[in-house]
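Topology and contacts: notes
If you want the building blocks of each chain, they are given just below.
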Amino acid sequence: QKVDPRYLSEDDIGFTIGPRINAASRMDTPEDAFFLLATKDESEAGTRLLHLEKLNTDRKSAVSLMTKEIHTRLKTKEEIPDVFVMGNPDWRPSLVGLAANKLAEEHNRPAFLWGRDGNGKFKGSCRAGGGISVVRLMEAIPEVFYEFGGHHASGGFTVREEQIHTFGERMQEAYKILGNAALVAEPLLVDMEIALDDISQVLLRAQRQCGPFGCDNRKPLYLIKNVKPAEVVVFGKVKEHTKLVFKTTGIAKEAIAFFKTPEQFNIVPTTDT
């Protein structure tokens, strides 16, 4: 079956690539991957594979630089916002989703990141955190966008040019106005009860075989009862993070909760018996 490469998405291919114009724009369209899959010439396939490997390395480097810039910006903020909204015209819209996912996971709150595409449009991706629906947030301020879509955990959007400078403020307003209406109620389903010593490389290898994980295939949730930390450490510039240190024969020696101090837990972690 013949496939027109113009209609392949990066989800079909597995990574983002594009025409040979310059290092930045080569991450947007999938022709190179299509021609690699379509060719029957071993030499040509090898050449195209090397080219794709270089593009993938470039992509990882771009995401790393983007993440570093985000963390640098966060250090300048006196208070972490309820919803992260960050952008840079030099960021590639096809890559911001990777950084948004990491940011949402690290800080347990929604993250909206944007860049500018080859047509000058401000496009981005968003990822959920803290049980907040990114779609409900965008639906609260539709006039900000040319278009948007997705599901509760992940989405994409195009911001109107006249709204880009106030995008962050509008998103914070939407969060405050919606309140609990922005939350997505999901049942907490425990997959298995284990002991701390059971967390081993063998368990992690078995877990990886169940992947890839996403909205329709959630990461396993384990229940560990009667765990007492050997140390409770509060760290960070203003002592806003908590680290628990455990004595165990397993590999889970530490657990970290960002932007959460011990007294904010439902059960305050302590080394007392």
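Look up: the structure comes first, before these words.
My aim in this report is to walk through the structure given alongside it, one point at a time. The structure presented is a predicted model; accordingly, all values stated were derived computationally and were not measured.

Glancing now at helix α6 (residues 167–178). Relative to the 16 Å expected for 12 residues at 1.5 Å per residue, α6 spans 17 Å between its end C-alpha atoms, a close match to the ideal helical length. Every buried residue of α6 is listed here: Phe167, Arg170, Met171, Gln172 and Ala174. Buried positions along α6 lie against β1 (84–87), β2 (111–116), α5 (134–139), β4 (145–151) and β5 (154–159). After α6 finishes, the residue Gly179 shows a positive phi value of roughly 60°.

Moving on, we get to the nonpolar core. One finds Phe112, Phe145, Phe157, Val159, Phe167 and Met171 to be the most contacted residues of the largest nonpolar core, which totals 21 residues. Among the elements of the structure, β2, β3 (122–127), α5, β5 and α6 are those that each provide at least two residues to this core. Considering each element in turn, this core owes the most residues, 4 residues, to α5. Excluding its chain neighbours within four sequence positions, the residues that come into contact with Val159 are Phe122, Val144, Phe145, Tyr146, Ile164 and Phe167. Judged by nonpolar contacts, the second largest core, of 16 residues, contains Ile80, Leu95, Ala99 and Leu103.

So, on to the packing of helix α3 (residues 42–75) against helix α4 (residues 96–107). One can describe the packing of α3 onto α4 by two numbers: an axis separation of 9 Å at closest approach and a directional angle of 45°. By the criterion of interaxial angle, the relationship of α3 to α4 is oblique. α3 and α4 meet at a crossing whose hand is right-handed. Every residue of α4 that contacts α3 at Arg59, Val63, Met66, Thr67, Ile70, His71 and Leu74 is listed here: Val96, Leu98, Ala99, Lys102, Leu103, Glu106 and His107. Its residues assigned to classes, the contact of α3 with α4 shows 8 nonpolar, 3 polar and 3 charged.

The rules we used
The residue count restarts for each chain, going from 1 along the sequence in the order it is written. This being a predicted model, a pLDDT of at least 70 is required before a residue's local features are given, and a value of 80 or more before pairs of side-chain atoms are given or counted; all residues contribute to the totals for chains, interfaces and linings. Side-chain measures were taken over the full set of non-hydrogen atoms in the model, leaving aside hydrogen atoms and water. Each helix corresponds to a stretch of at least 4 residues labelled H or I by DSSP, and each strand to a stretch of at least 2 residues labelled E; elements are numbered beginning at the N terminus. Each residue after the first adds 1.5 Å to the expected span of a helix. Exposure is judged per residue with a 1.4 Å probe applied to protein chains only, and the accessible area is read against the type maximum: over 50% gives exposed, under 20% gives buried, and values in between give partly exposed. The criterion used for residue contact is that any of the two residues' heavy atoms lie within 4.5 Å. Grouping buried Ala, Val, Leu, Ile, Met, Phe, Trp, Tyr and Cys residues that are joined through side-chain atoms within 4.5 Å yields what is termed a nonpolar core. Geometry is summarised by axes, namely lines fitted to C-alpha atoms with helices restricted to the contacting stretch, and by angles between N-to-C directions that run from 0 to 180 degrees. Reported orientations rely on four angle classes, namely roughly parallel under 35 degrees, roughly antiparallel over 145, roughly perpendicular from 65 to 115, and oblique for the rest. Handedness of a helix crossing follows the sense of rotation of the near helix relative to the far helix, less than a right angle counterclockwise being left-handed and clockwise being right-handed. Side-chain classes follow a simple rule in which Ala, Val, Leu, Ile, Met, Phe, Trp, Tyr, Cys and Pro form the nonpolar group, Asp, Glu, Lys and Arg form the charged group, and the remainder, Gly included, forms the polar group.

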